[in-house]
Amino acid sequence: MIVIVRKPLVAGNWKMHGSRASNAALVGGIAAGLARNAPLTARCDVAIFPTFVHLESVAAVAAATPIAWGAQDCCAEPGPGAYTGEVAASSLQELGCRYVLVGHSERRALYGESDELVARKFVAAQAAGLVPVLCVGETLAERDRDETHAVVARQLGAVLERAGVAALARAVVAYEPVWAIGTGRTATPAQAQDVHAFIRGRIAALDGNIAGSVRLLYGGSVKASNAHELCSMPDVDGGLVGGASLNAEEFVAIVAAAARK
């Protein structure tokens, strides 16, 4: 495997939070914080994921900043079509989205999204020119049964089977242990590194160059106080941040911590 210097990425998943006014204030606060720390934060890519209904207004505010934006989900079917309530990846691309989350644990657990469906969404996103952020991770019960690697391998494998390893050259993978999302619990740096190294190793078995270049993010109660320690791990290339991304000062501190990698 060829090791390539990977620019960190910190992505904020706003989930079902925000209003036009609060989002504008949050983007403004993040942009101001990035500007104040420009020599450092220029070394880290930054993205935010608002709700569907706020994408256009967020884009209008973020367009003049270094902040990229993306969507929290997309339809597995290419648009247009008779899929009431769904949003096509092509529509997201038209709004200037660069990224889209696919397979977030809340989509898998609350809405029954299967590995196969997630793989189809991954392909649909790339077909529209978006960068999919593929989320993988195990529940607490699965970790307690020592099934972490098997679960992650299955979730990653579904995408590799449908899209091929070359598709990961235009994607990001986020490891999010379900037991650490919104719970205040965080995987230790060693636990995060173990799974990230496992993911990179699975990819390396198919293509060493892609394995060396693909960015792997950690998601699961990431905050300013633990971001540097997590991102200092050799295979952790940034974070997929939940609640902490709703606070501009906290989020910028996470970006700065990842930039020190």
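Report on the accompanying structure.

Calculation rules
- Residues numbered from 1 in each chain as written.
- Predicted model: local features only at pLDDT ≥ 70, side-chain atom pairs only at ≥ 80, totals over all residues.
- Heavy atoms only, no water.
- Phe/Tyr/Trp six-rings, centres within 6.5 Å; stacked < 30°, edge-to-face > 60°.
- Helix = DSSP H or I, 4+ residues; strand = E, 2+ residues; numbered from the N terminus.
- Buried < 20%, exposed > 50% of the residue type's maximum accessible area, 1.4 Å probe, protein only.
- Core = buried A, V, L, I, M, F, W, Y, C linked by side-chain atoms within 4.5 Å.
- Contact = heavy atoms within 4.5 Å.
- Arc of directions from axis to C-beta.

### Topic: the packing of aromatic side chains
Alright, step 1. Counting across every chain of the model gives 2 aromatic pairs.
Alright, step 2. Taken together, a centroid distance of 6.4 Å and an interplanar angle of 50° make the contact between Phe49 and Tyr99 tilted. Residue Phe49 is found in strand S2 (residues 45-49), and its partner Tyr99 is found in strand S4 (residues 99-102); the two are separated by 50 residues along the sequence. The pair Phe49 / Tyr99 is uniform in exposure class, with both members buried.
Alright, step 3. Seen in terms of ring centroids, Tyr175 and Tyr218 are 6.2 Å apart; in terms of plane orientation they differ by 55°. Their pairing is tilted. Taken together, the positions of Tyr175 in strand S6 (residues 172-175) and Tyr218 in strand S7 (residues 215-218) put the pair 43 residues apart, joining distant regions of the chain. In this structure, Tyr175 and Tyr218 share a single accessibility class: buried.

### Quick notes on the nonpolar core
Alright, step 1. Core analysis: the largest hydrophobic core is formed by 74 residues, its most contacted members being Ile30, Ile48, Leu168, Ile199, Ile203 and Tyr218.
Alright, step 2. If one sorts the elements of this core by residue count, helix H12 (residues 248-259) sits on top with 9 residues.
Alright, step 3. Every residue in contact with Ile199, bar those within four places of it in the chain, is listed here: Val136, Val152, Leu156, Val173, Tyr175 and Leu216.
Alright, step 4. Ranked by size, the runner-up nonpolar core spans 14 residues in total, among them Ala68, Val131, Val172 and Ala174.

### Overview of helix H11 (residues 224-231)
Alright, step 1. When H11 is considered as a whole, its buried residues turn out to be Asn226, Ala227, Leu230 and Cys231. One face of H11 carries all of its buried residues, which in axial projection span an arc of 125°.
Alright, step 2. Among the structural elements, helix H9 (189-204), S7, strand S8 (238-241) and H12 are those in contact with the buried residues of H11.

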